[in-house]
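# Summary of the model geometry
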Amino acid sequence: MATFGTLSERLTQTFARLRTKGKLSASDVDGTVREIRRALLEADVALEVVKDFTARVRERALGDEVNQALNPAQQVVQIVNDELIQILGGEQRRLQFAKNPPTVIMLAGLQGAGKTTLAGKLAKWLRGQGHTPLLVACDLQRPNAVTQLGVVAEQAGVAIFAPEPGNGVGDPVKVAKAGVREAADKHYDFVIIDTAGRLGVDAELMQQAANIRKATNPDEVLFVIDSMIGQDAVATAQAFQEGVDFTGVVLTKLDGDARGGAALSIRQLTGRPILFASTGETLDDFEQFHPDRMASRILDLGDVLTLIEQAQKAFDEEEARKTAEKIANDEFTLDDFLKQIQQLRGQGSLKKMMGMLPGMGKMKAQLDQFDEREVLHTEAIIQSMTQAERRNPKILNGSRRLRIAKGSGMTVTDVNRLVKQFEQAAKMMKTVARGGVPQLPGMGPIPGVHGGKKKQAQQGKKKGARKSGNPAKRAAGEIAQASAAPKGSGFGGSALTGGAGGSAGSGNNPGGAPSAEDIAKMQELLRGAKLR
């Protein structure tokens, strides 16, 4: 995640220096804790949180669990990971549902925190969970806020209740109460109330939010906060806690390039859990907050569980089974390849998904240079092909490739590269489908891994075909191979007698014994070898 990029990089560098030490002294631990403290302060984490965090890490790092560990560096990383999880909330907390629908969720926060967009993201996420949410427009203060919520609701595919035009007109408390009644009458099971944002700790607007809460008695009051707000996050959160008393936190703009200390400070100082995180601009860039997964991302340990969940959403199980069968039967085409790309791209940013893999922090420069438009170029090239060309790329001659390049706005070189990449990918997938281990382009065979019987047979043939540099030994080896050739193999007949395959071991020569003619040729070979 971009927000924690700098913090992650600093912590990773700190732990890398520990890995060279077989045993950690007190000075090593103090130096590490000092670097962690510095990294957290630079990330705008509140000083009080930093002091508590580093004190706990130091105490545990100097304890017996590290002194007796086989790998002290890994043990320290584990301690930091555990403490980060505790700072971020320990365990994931889910939404509290009402005993009798609808469940009422009220959003509160500063203006510009992304509250209205967040309302649409939450509504779409709930709809994906099988619920029927209703958005209620109670931000009647900000210009065009009601119109914006209407656009967001349409994009999310959910209903909106907006009886007042806004722009300073209407009573938000009355609209909120009417919205809850509307949801109950029309059997919506969730109500999301979008309230007016504050430019600061505004007493009048804070009182308005408190009145809305009193009138609707929401099951959840979510405080929406910008992750890039820095040290002000704590003061703002505490002011909202006193004025409205929120039950949970939602972090927005976690894809930004700011330091992100808000996420590591709010939970510790307010005691309220972080429920959701907004990780991008589109309505799909929204996820539940998992403290353990976020800690792993910060320490560059990856977030494979979230990656798997996103992949499961992107790929249809039945479609995946059909694709696997096509790969195993060597029927995987460019059409199937295109479907896979489109499904993957539909799940969001590929760069973000790759960033969830363990150790990708070390490849930050390569990730930053990755251009997601290349995927669109790939789609354009495939879509410029005919159905016959997609089914069988081998028919792509020069003129066809030139036509495809012109039709997609790319070059012939780009078309050639795509075809080559597809062939390599199909070959690798076929190997995996048959239980083998693929050899990656540009890399040698994986140590300790052997191919199938066919591969071993080919290796055995190559090994047996090696020839000595000594002419006499080479001739003797050829004679030995001829004698050992199995019946009907064709080796003796074609290589020595010049006759048809299998003649050396048939008819008058039972068991494959060499004939008089064969012996004469062998002797001639030996004489020739000695004369060289």
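Residues numbered from 1 in each chain as written. Predicted model: local features only at pLDDT ≥ 70, side-chain atom pairs only at ≥ 80, totals over all residues. Heavy atoms only, no water.

Moving on to the overall build of the chain. Tallying secondary structure elements over the chain gives 25 helices and 8 strands in all. Across the 532 residues in the chain, those meeting the buried criterion constitute 43%. Counting only contacts in the chain whose residues sit at least 6 apart along the sequence, the fraction spanning at least 24 positions is 71%. Looking at the chain as shown, the accessible area adds up to about 28300 Å², and 50% of this sits on carbon and sulfur atoms. (Helix = DSSP H or I, 4+ residues; strand = E, 2+ residues; numbered from the N terminus. Buried < 20%, exposed > 50% of the residue type's maximum accessible area, 1.4 Å probe, protein only. Contact = heavy atoms within 4.5 Å. Areas by Shrake-Rupley, 256 points an atom, 1.4 Å probe, with all protein chains shown as cover.)

Turning to the pattern of salt bridges, a few remarks are in order. One pass over the structure, following the stated rule, counts 15 salt bridges. Salt-bridge contacts for lysine 115 lead to aspartate 194; the nearest nitrogen and oxygen are separated by 3.6 Å. Of the two residues, lysine 115 sits in helix 6 (residues 115-128) while aspartate 194 sits in strand 4 (residues 190-195), which places them 79 residues apart along the sequence. Taken individually, lysine 115 and aspartate 194 each receive the classification buried, so the pair is uniform in this respect. Look at the salt bridges and you will find they share partners, linking Arg56, Arg60, Asp82 and Glu83 into a network. (Salt bridge = Lys/Arg side-chain N within 4 Å of Asp/Glu carboxyl O.)

Turning our eyes to something else, we now look at the packing of helix 2 (residues 26-42) against helix 3 (residues 47-61). With their axes 10 Å apart at the nearest point, helix 2 and helix 3 run at an angle of 160° to one another. Viewed along their axes, helix 2 and helix 3 adopt a mutual orientation that is roughly antiparallel. As helix 2 runs across helix 3, the sense of the crossing is right-handed. Between helix 2 and helix 3, the residues in contact are Val29, Asp30, Val33, Ile36, Arg37, Leu40 and Leu41 and Leu47, Val50, Phe53, Thr54, Val57, Arg58 and Ala61, respectively. In terms of residue class, the contact of helix 2 with helix 3 is built from 10 nonpolar, 1 polar and 3 charged. (Axes fitted to C-alpha atoms, helices over the stretch in contact; angles between N-to-C directions. Parallel < 35°, antiparallel > 145°, perpendicular 65-115°, else oblique. Left-handed = near helix turned anticlockwise from the far one by under 90°. Nonpolar A, V, L, I, M, F, W, Y, C, P; charged D, E, K, R; others polar.)

The subject of this paragraph is the sheet that holds strand 8 (residues 286-288). Pairing is mixed in the open sheet, where 8 strands are placed in the order 3-2-4-1-5-6-7-8. In this open sheet, the two edge strands, each paired with only one partner strand, are strand 3 (159-161) and strand 8. Direction aside, neighbouring strands of the sheet carry axes that sit 25° apart on average. In the sheet, strand 5 (residues 220-226) pairs with strand 6 (residues 248-252) via 5 bridges, with the strands oriented parallel. Its bridge partner being in strand 6, aspartate 226 is matched across the sheet by threonine 252. Helix-sheet contacts for helix 8 (residues 172-185) involve strand 1 (103-109), strand 2 (133-138), strand 3 and strand 4, and the interaxial angle to strand 2 is about 165°. (Pairing = 2+ DSSP bridges.)

Attention now moves to helix 10 (residues 232-243). With 12 residues, helix 10 ought to run about 16 Å at 1.5 Å a step, and its terminal C-alpha atoms sit 17 Å apart, in line with that. Taken as a whole, helix 10 has its buried residues at Ala233, Val234, Thr236, Ala237, Ala239, Phe240 and Gln241. Aspartate 245 occupies a position one or two residues after helix 10 and carries a positive phi of about 60°. (Expected span 1.5 Å × (residues − 1).)

Let us look at the pairing of strand 1. Of all 7 residues in strand 1, 7 are buried; the element is thus mostly enclosed. With burial as the criterion, each face of strand 1 is covered, one bearing Thr103, Ile105, Leu107 and Gly109 and the other bearing Val104, Met106 and Ala108. Here strand 1 pairs with strand 4 via 5 bridges, running parallel. In the sheet register, valine 104 faces strand 4, and the bridge partner there is valine 191. Bridging between strand 1 and strand 5 involves 5 bridges; their strand directions are parallel. Each residue of the ladder has a partner; that of methionine 106, found in strand 5, is valine 221.

This part covers the nonpolar core. Core analysis: the biggest nonpolar cluster contains 95 residues, and Phe15, Val80, Leu122 and Leu264 have the highest contact counts within it. Ranked by the residues each element gives to this core, the list is headed by helix 5 (residues 72-87), at 8 residues. One finds Ile341, Val375, Ala405 and Ala426 within the second-largest nonpolar core, a separate group that totals 18 residues. (Core = buried A, V, L, I, M, F, W, Y, C linked by side-chain atoms within 4.5 Å.)

Okay, the packing of aromatic side chains next. Note on aromatic pairs: each is described by the distance of the centres and the angle between the planes. Enumeration over the complete set of coordinates arrives at 7 aromatic pairs. Pairing phenylalanine 97 with phenylalanine 190 gives two aromatic rings, centres 5.2 Å apart and planes at 90°, and the pair type is edge-to-face. Here phenylalanine 97, found in the loop between helix 5 and strand 1, pairs with phenylalanine 190, found in strand 4; they are 93 residues apart in sequence, far enough to count as distant. Judged by relative accessible area, which is 1%, phenylalanine 190 ranks as buried. Relative to phenylalanine 422, the ring of phenylalanine 337 lies with its centre 5.6 Å away and its plane at 55°, an arrangement referred to as tilted. Taken together, the residues span a long stretch of sequence, with phenylalanine 337 in helix 15 (residues 334-345) and phenylalanine 422 in helix 21 (residues 412-433) at a distance of 85 residues. Under the relative-accessibility criterion, phenylalanine 337 is labelled buried at 18%. (Phe/Tyr/Trp six-rings, centres within 6.5 Å; stacked < 30°, edge-to-face > 60°.)

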